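Observations on the model geometry
Residue-level listing of the chains:
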Amino acid sequence: MSATARKTAPLPDDIRAMKGGTPIVSLTAYTTPMAQMMDAQCDFVLVGDSVGMVLHGLPSTLGVTMDMMEMHGKAVARGLTSAMMVIDMPFGSYEEGREQAFRNAARLMAETGAGAVKLEGGVAMADTIAFLVARGIPVMAHIGLTPQSINTLGGYKVQGRGDAGAALMADARAVAQAGAFAVVLEKVPETLANDITHAIDIPTIGIGASAGCDGQILVVDDMLGLFTAIKAKFVKRYAELGELRAMTRAWHRAGEPIGVVPTMGAHHDGHLSLVARAKDMSDRVIVTIFVNPKQFNTPEDLENYPRTEHEDARKLGRFAV
Ligand code: KIV
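Not measured: the values here are computed from a predicted model.

Observations regarding the pairing of strand 7 (residues 204–207)
Where burial is concerned, the two faces of strand 7 agree: the one with Thr204 and Gly206 and the one with Ile205 and Ile207 are both buried. Where strand 6 (residues 182–186) meets strand 7, four bridges bridge the pair, whose relative direction is parallel. Bridge assignment links Val183 to a residue of strand 7, and that residue is Thr204. Assessed by its sense of winding, the connection that carries the chain from strand 6 through helix 9 (residues 190–199) to strand 7 is right-handed. Pairing geometry for strand 7 and strand 8 (residues 215–218), over two bridges, is parallel. From the neighbouring strand, Gly206 faces strand 8, where its bridge partner is Gln216.

Right, here's the structure in full:
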């Protein structure tokens, strides 16, 4: 079932059952408003420990704490109704042993209402994953580029090239065997990602790991151009909101009135007359296009809504907005 057609959140087993079927859609979120925007679009939303770099300005994910994950998990939970929430176990909260992992995973699930936890590691974590799953904690694994191991991996590089591919395949088999319901493959060469996807019976969720995976995940702030400290080549930017933010700050400082015309695209004369009016009233005008799922009664209406960004941009050209 597509994310937009669903009224209640899927369970980990539902995500597992999507193996080889409709591609699984997921994004990260760290706050209630972002979760609300992602909810209808996603099968699951990940409260990623990337929050440390994206929102807290940390140089890596290593400084993220259980308290931070709990706080952001609670915030995201308030914004979700139809997507499952998965929450990252932060660095140092599970590697010491399976009892430590259980204690911290149970805390995150009990305090935030997450449907599952995610942890990094393959063969080395298989025993811990099996322990958690046997005690009622669904686990999503994460292999390939595992950012919590950045100091031993030597940078945010592609993993599994050449001979290292066999070790990554062993990691994937180990986490599937241990009972993980899905596995994130980060920065893995396309052929290896495809081979792993065919070799294991749980869904692979790719991030920089080819369209051949069973699903995809992106860090939402990367996708919207809000996080610019690291620019991963594989991320398709759907907006440059960071640049827009810098631009509007400069206009504010210069005392230039800004008009905003929010639209859902498919511009017609009605939209254009609003833009003309805004131009009369302000020095700067921003026209936004966001096809808001909450405006539609049925998933079919949302799917069939015309998306004409290039034509819209052409029509707006004469207003210099
Ligand atoms: O923390 C995170 O956002 C993640 C994704 C990159 C998968 O783990």
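Now that the structure has been shown, the text picks up again.
A look at the site of the ligand
Taken together, Thr28, Leu46, Gly48, Asp49, Ser50, Asp88, Lys118, His142, Glu186, Ile207, Ile217 and Val219 make up the full set of residues adjacent to the ligand. Here Asp49 contributes a side-chain N or O atom positioned 2.9 Å from an oxygen atom of the ligand. The separation between an oxygen atom of the ligand and a polar side-chain atom of Asp88 is 3.1 Å. Coverage of the ligand by the protein amounts to 96% of the 260 Å² it exposes when considered alone. Classifying every residue of the shell around the ligand gives four nonpolar, four polar and four charged.

Regarding the sheet that holds strand 7
Taken together, eight strands build a closed barrel; the order of strands is 1-2-3-4-5-6-7-8 and the barrel is parallel. Neighbouring strand axes in the sheet, compared pairwise and without regard to direction, differ in orientation by 25° on average. Inspection of the sheet shows strand 1 (residues 24–28) paired to strand 2 (residues 44–47) by three bridges, in the parallel sense. Paired with Leu27 across the bridge in strand 2 is Val45.

As for the pattern of salt bridges
Following the criterion strictly, the structure yields 11 salt bridges and no others. Arg107 is paired through a salt bridge with Asp67; the nearest N and O atoms lie 2.6 Å apart. Taken together, the residues Arg107 in helix 5 (residues 98–112) and Asp67 in helix 4 (residues 66–78) connect sequence positions 40 residues apart. For Arg107, a relative accessible area of 29% translates into the label partly exposed. By relative accessible area, Asp67 is classed as exposed at 54%. With its nearest N and O atoms 2.8 Å apart, the salt bridge here joins Asp88 to Lys118. Here Asp88, found in strand 3 (residues 84–88), pairs with Lys118, found in strand 4 (residues 116–120); they are 30 residues apart in sequence, far enough to count as distant.

Conventions used here
Residues numbered from 1 in each chain as written. Predicted model: local features only at pLDDT ≥ 70, side-chain atom pairs only at ≥ 80, totals over all residues. Heavy atoms only, no water. Buried < 20%, exposed > 50% of the residue type's maximum accessible area, 1.4 Å probe, protein only. Helix = DSSP H or I, 4+ residues; strand = E, 2+ residues; numbered from the N terminus. Pairing = 2+ DSSP bridges. Right-handed = clockwise from strand over helix to strand, strands pointing away. Near = heavy atom within 4 Å. Polar contact = N/O pair within 3.5 Å; in protein donor to acceptor, adjacent residues only side chain to side chain. Areas by Shrake-Rupley, 256 points an atom, 1.4 Å probe, with all protein chains shown as cover. Nonpolar A, V, L, I, M, F, W, Y, C, P; charged D, E, K, R; others polar. Axes fitted to C-alpha atoms, helices over the stretch in contact; angles between N-to-C directions. Salt bridge = Lys/Arg side-chain N within 4 Å of Asp/Glu carboxyl O.

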